[in-house]
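# Architecture and fold: a report
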Protein chains: 2
Amino acid sequence: MTITGDQSLMRESNRMALARVIQRLPGLSRAELAKETGLTKSTVSLLVQDLIDEGWLLESDIQATGSIGRRPTPLFLDGVRLAMIGAEVSVESKSISALTVSLTGEVINGASEPLPSTRPAEVIRRLAHLIASLVEQARADGRRLLGIGVGVPGAVLDKQGVVKLAPNFPWRDVSLRSDLARELALIGVDNLCLHVQNDYDLAALSEYEFGADPLPDPLVYLGLGVGVGAGIIVRDRLFLGADGFAGEVGHSILQLEGPVCSCGRKGCAETFIGQKAISTQIFGHAGDVMPVETIRHLLERNDEAALLAVRRAGHYLGVLIQNLWTCFNPGRIVLGGPLCELGAPILDAAHSCLERYSEDCGMPLPEIKLSRFGSRSVVVGAAALVKHNLLRPLDARFRDR
Amino acid sequence: MTITGDQSLMRESNRMALARVIQRLPGLSRAELAKETGLTKSTVSLLVQDLIDEGWLLESDIQATGSIGRRPTPLFLDGVRLAMIGAEVSVESKSISALTVSLTGEVINGASEPLPSTRPAEVIRRLAHLIASLVEQARADGRRLLGIGVGVPGAVLDKQGVVKLAPNFPWRDVSLRSDLARELALIGVDNLCLHVQNDYDLAALSEYEFGADPLPDPLVYLGLGVGVGAGIIVRDRLFLGADGFAGEVGHSILQLEGPVCSCGRKGCAETFIGQKAISTQIFGHAGDVMPVETIRHLLERNDEAALLAVRRAGHYLGVLIQNLWTCFNPGRIVLGGPLCELGAPILDAAHSCLERYSEDCGMPLPEIKLSRFGSRSVVVGAAALVKHNLLRPLDARFRDR
């Protein structure tokens, strides 16, 4: 529900709407912004000056035009003065990492370290120190930080900042936001907004918040690793569902009475496509999860079992993509996660499967791309979440309704 | 993008936002509305008076309270003065039908007739006459009509009002909105806004627009008949996807290399759950589609083949619901369409399947209900579409971006 009566909220909403238009259409002048938004020129001038003063926008004459006379000054998002910090707790690489990212999506600097233990208190303490080092660096560089986002591979209650369940650690009901805030305060970092979200939801934001116009909507990011899951953007917002579990598509059923999944059900997509499924096929029996690096080496040596296993996963990946297409009719599907590093054997098999579905029914193929930030998708997306929320101030007010 | 600068649009947006709050929370007073929305009391008073004058709201003292003193006047949606017309072209019953529906979802009157032909021109001509008879009746009753919605079983480009494809008629690229508007004008009905949409999308709106607070969001309506498909509400809006095809879940794959579907692919949900699939199982071979009425009679006589066929469909229905849950994490799933009339044999089988998935993974069962308007879901939803669009005036402005 959009109510436009509250004056300060209305002003903030308009201000951020202008920033979003400049993000979509960089280089617009104030006059063009007024035309684009329906706001008066004087309101636009006022708000743009605000945005320039605060570091969101910059004026630039770099882009020359051939026309004669004084060209109105083009406006751009400022990629220097403001920044966000993104952090990630990763199961796949058993590590934590953090990055400082500019408003325009440039990675300014980063740090990571292995996790000797996945005990929540230990992870949170290490995470706080990693983030604090980036905060210090940003301040030394004269950058103003807008906030911190953290991604975890699990079900997150984002309003409470609680990790409900991260089965591969395993974590259950970890108050990540409040515990991390306390640790950060202990080492002198406070007054920075903290957001916690599921890793693949964040990866979807990395594609969306730093992408170019026209932005695909809906956008589905499909993450492929030990876990298989999706992050989804619908009508310019992260789509989370009633309890925050939307996009848990690794647990949609691809075969009645199929293999038993880590979730306890049978025939889930993850049991055909995930890293564990590929490992089981290569080993010939269920057991350890083979590192992606090892699978890739086997493929390079044309190992028959590995090729068969990866192509089989790719074929089922095609089925899962087909099913996502029928549900969401996305403008774009982005593939990410460590399994993408297996390259052609998995991706070509998925493509062939989709091609056949497309031929059978006479519909065009969905648009599929590989993620722009690769192995950094989640951590860049964690930074993007800070921007995503700030640019939509009305959501914060109405999200609890 | 919500820009709040345009004064008349802003006023209309606030006015309709007030009507939506009263729909959600009937009986609020002006003071409570102001508190609820953050608008000033004087603005609320002004807009509420407008809404009363135009027939959207009414003041009522019917609901007495025990408190002493003058109680502020409670406001309600007016169920008398304004109405919408919904119409439907149905494959299942080979008929057209239309209803006049009040703002509060009461069916005021209706008409229907069989279709001797499914030729577009013929259907549209008959539809125009059916609608015109309801328009005349509404005018005689002193009701002001807000517009007309039409539902068709197929893929609809709603902005253009074109039926892209309705495979069971079969229609392809039928300019339903403009052709119907022309026919209506010929018989004296003009100046009424016309909307065209897919049938199951409309059925979802019938649940949502006339439902009580708290409204489930996301809401998934799953329609079961010859075709299987979903209508989906996300963040208070009908969710259509990039091309309007979101929710075509009858064509998600439930089994690799399964039976051939009407769409040309193999193993689609429709080939396990649809009316054709049940008929094939009963007959023992592919062929005609058995009417739901006939299947119901067979079930009543405990026909073994019919029971097995319907329970099998119910089991796969459980799988499809599970998959919808993992994709959308809906607050509620509503089941509708003719196959629901088969009752326990199909619904209990679906429930058992879901119960097992729920036990296997320790997650709660999704909330599942039967449709409120039964066989009238689509046509009531067509009327609801008119209300849905009017209550969201900002969408009309920004939907093309």
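Residues numbered from 1 in each chain as written. Chains lettered and ligands numbered in written order. Predicted model: local features only at pLDDT ≥ 70, side-chain atom pairs only at ≥ 80, totals over all residues.

### As for the overall build of chain A
Heads up, the condition is: Here a helix means four or more residues in a row that DSSP labels H or I, a strand means two or more in a row labelled E, and each is numbered from the N terminus. We compute the radius of gyration over the C-alpha atoms and compare it with the globule rule, which gives 2.2 Å times the number of residues raised to the power 0.38. Each residue gets a C-beta atom placed from its backbone, and two residues are in contact if those atoms lie within 7 Å.
Tallying secondary structure elements over chain A gives 13 helices and 15 strands in all. The C-alpha atoms of chain A give 22 Å as radius of gyration, which agrees with the globular expectation for 401 residues (21 Å, within 12%). When its C-alpha atoms are laid out on the principal axes, chain A stretches across 70 × 55 × 45 Å. When contacts within chain A are restricted to residue pairs at least 6 apart in sequence, long-range pairs at least 24 apart make up 63% of them.

### Details of the packing of helix H10 (residues 304-328) of chain A against helix H11 (residues 344-361) of chain A
Residue and element names in this part refer to chain A. What counts is decided by this rule: Note on method: axes are straight lines fitted to C-alpha atoms, helices fitted across the in-contact stretch only, with angles between N-to-C directions ranging 0 to 180 degrees. The cut-offs work like this: below 35 degrees is roughly parallel, past 145 is roughly antiparallel, 65 to 115 is roughly perpendicular, and the gaps in between are oblique. By the definition used in this description, the sense in which the near helix is turned from the far one sets the handedness, with an anticlockwise turn below a right angle giving left-handed and a clockwise turn giving right-handed.
Two numbers describe how H10 lies on H11: the axes approach to 7 Å, and their chain directions differ by 40°. Considered as vectors, H10 and H11 are oriented oblique to each other. For H10 against H11, the interelement crossing comes out right-handed. In this structure, H10 contributes Leu307, Val310, Arg311, Ala313, Gly314, His315, Leu317, Gly318, Val319, Ile321 and Gln322 to the contact, and H11 contributes Pro345, Ile346, Leu347, Asp348, Ala349, Ala350, Cys353, Leu354 and Tyr357.

### Considering the pairing of strand S8 (residues 162-166) of chain B
Residue and element names in this part refer to chain B. Stated formally: Whether two strands pair depends on DSSP finding at least two bridges between them.
Direction of pairing for strand S7 (residues 155-157) relative to S8: antiparallel, over a ladder of 3 bridges. The residue of S8 that forms the bridge with Val156 is Val163. Hairpin connection from S7 to S8: 4 residues lie between these consecutive antiparallel strands, with Gly161 at a positive phi of about 70°. Strand direction decides the pairing type here: S8 and strand S9 (residues 171-174), joined by 3 bridges, are antiparallel. Paired with Val163 across the strands is Val174, a residue of S9. Once S8 ends, the chain turns through 4 residues before running back antiparallel as S9.

### Some thoughts on the packing of helix H6 (residues 199-209) of chain B against helix H12 (residues 377-390) of chain B
Residues and elements named next belong to chain B. Stated precisely, the cut-off is as follows: In this classification, Asp, Glu, Lys and Arg are treated as charged, Ala, Val, Leu, Ile, Met, Phe, Trp, Tyr, Cys and Pro as nonpolar, and every other residue, Gly included, as polar.
For the pair H6 and H12, interaxial distance at closest approach is 7 Å and the crossing angle is 70°. Compared by their axis directions, H6 and H12 come out roughly perpendicular. Counting all contacts with H6, which are made through Asp199, Leu202, Ala203, Ala204, Leu205, Ser206 and Glu209, the residues of H12 involved are Ser377, Val378, Val380, Gly381, Ala382, Ala384, Leu385, Lys387 and His388. Looking at the contact of H6 with H12, its residues break down into 9 nonpolar, 4 polar and 3 charged.

### Considering the relation of the copies chain A and chain B
Cut-off, in case you're wondering: Superposing copies: least-squares fit, C-alpha atoms only, residues required to have pLDDT of at least 70 in both.
Of the transformation placing chain A onto chain B, the axial shift is 0.0 Å and the rotation is 180°, giving an RMSD of 0.0 Å. The superposition operator between the copies reduces to a two-fold rotation axis.

### Structural notes on the interface of chain A and chain B
Counting residues at the interface gives 51 residues for chain A and 51 residues for chain B. At the level of secondary structure, the elements contributing two or more residues to the side of chain A that touches chain B comprise helix H1 (7-24), H10 and H11 of chain A. Of the residues that constitute the side of chain A that touches chain B, the class distribution is 22 nonpolar, 20 polar and 9 charged.

### What about the sheet that holds S9 of chain B?
Residue and element names in this part refer to chain B. Read across the sheet, 3 strands follow the order S7-S8-S9 without closing on themselves; strand pairing throughout is antiparallel. The open sheet is flanked by S7 and S9, the only strands paired with a single partner. Sheet twist, expressed as the average angle between the axes of neighbouring strands with direction ignored, equals 15°.

### Some words on the pairing of strand S12 (residues 228-234) of chain B
A regular strand places its side chains so that they alternate between the two faces of the sheet. All names here are of chain B. Condition: Burial is judged by counting the other C-beta atoms within 10 Å of a residue's own C-beta: 20 or more makes it buried, 12 or fewer makes it exposed, and any count in between marks it as partly exposed, with every C-beta position built from the backbone.
By the criterion of burial, S12 is predominantly enclosed, with 7 of the 7 residues buried. Here S12 shows no split at all, with Val228, Ala230, Ile232 and Val234 on one side and Gly229, Gly231 and Ile233 on the other all buried. Note that strand S11 (residues 219-224) and S12 share 6 bridges and pair antiparallel. Bridging from a neighbouring strand, Leu219 pairs with Ile233 of S12. Counting the residues between successive antiparallel strands, the hairpin from S11 to S12 contains 3 residues. Pairing analysis gives 2 bridges linking S12 to strand S13 (residues 237-238), with the strands arranged antiparallel.

### Overview of H6 of chain B
The α-helix winds at 3.6 residues per turn, so residues separated by three or four positions along the chain end up facing the same way. Judged by how many residues are buried, H6 of chain B sits mostly within the fold: 11 of 11 residues are covered. Where H6 of chain B is concerned, the buried positions are Asp199, Tyr200, Asp201, Leu202, Ala203, Ala204, Leu205, Ser206, Glu207, Tyr208 and Glu209 of chain B.

### Thoughts on the sheet that holds strand S9 (residues 171-174) of chain A
All names here are of chain A. The antiparallel open sheet is built from 3 strands, whose spatial order is S7-S8-S9. Sheet topology places strand S7 (155-157) and S9 at the edges, where each strand pairs with a single neighbour. Ignoring which end each strand starts from, the neighbouring axes of this sheet average 15° apart.

### Let's talk about unusual backbone geometry
All names here are of chain A. Cis geometry marks the peptide bond from Asp217 to Pro218; its omega dihedral reads 0°. At Lys94, a position not held by glycine, the phi torsion is positive, near 45°. Mapped onto the elements of the fold, Lys94 is located in the loop between strand S3 (82-90) and strand S4 (95-102). Take Lys94: there are 13 C-beta atoms within 10 Å of it, and that puts it in the partly exposed class.

### A few points about the nonpolar core
The condition is simple: In this usage, the nonpolar core is the set of buried Ala, Val, Leu, Ile, Met, Phe, Trp, Tyr and Cys residues whose C-beta atoms join them within 7 Å.
Ranked by internal contacts, the top residues of the largest apolar core, which has 247 residues, are Ile131 and Leu324 of chain A together with Ile131 and Leu324 of chain B. If we skip the residues at most four places from it in the chain, Leu324 of chain A touches Val220, Leu222, Ala230, Val249 and Ile333 of chain A.

### As for the confidence of the model for chain A
This is how the line gets drawn: Summary of the metric used: pLDDT quantifies the predictor's per-residue confidence within the range 0 to 100.
Per-chain confidence: chain A averages 91 in pLDDT, with 94% of residues scoring 70 or above. Confidence metrics for the complex model read pTM 0.92 and ipTM 0.91.

### With respect to helix H3 (residues 41-53) of chain B
Filter applied, for reference: Take the residue count of a helix, subtract one, and multiply by 1.5 Å to get its expected span.
For H3 of chain B, built from 13 residues, the straight-helix expectation of 18 Å at 1.5 Å per residue is met to within 8% by its first-to-last C-alpha distance of 18 Å. Gly55 of chain B occupies a position one or two residues after H3 of chain B and carries a positive phi of about 95°.

### Concerning the environment of Leu365 of chain A
Residues and elements named next belong to chain A. Within the fold, Leu365 resides in the loop between H11 and strand S15 (368-370). Between the alpha carbons of Leu365 and His351 there is a distance of 9.2 Å; along the sequence they are 14 residues apart. Those residues within four positions of Leu365 in sequence are excluded, and the remaining contacts are Leu354, Glu355 and Ser358.

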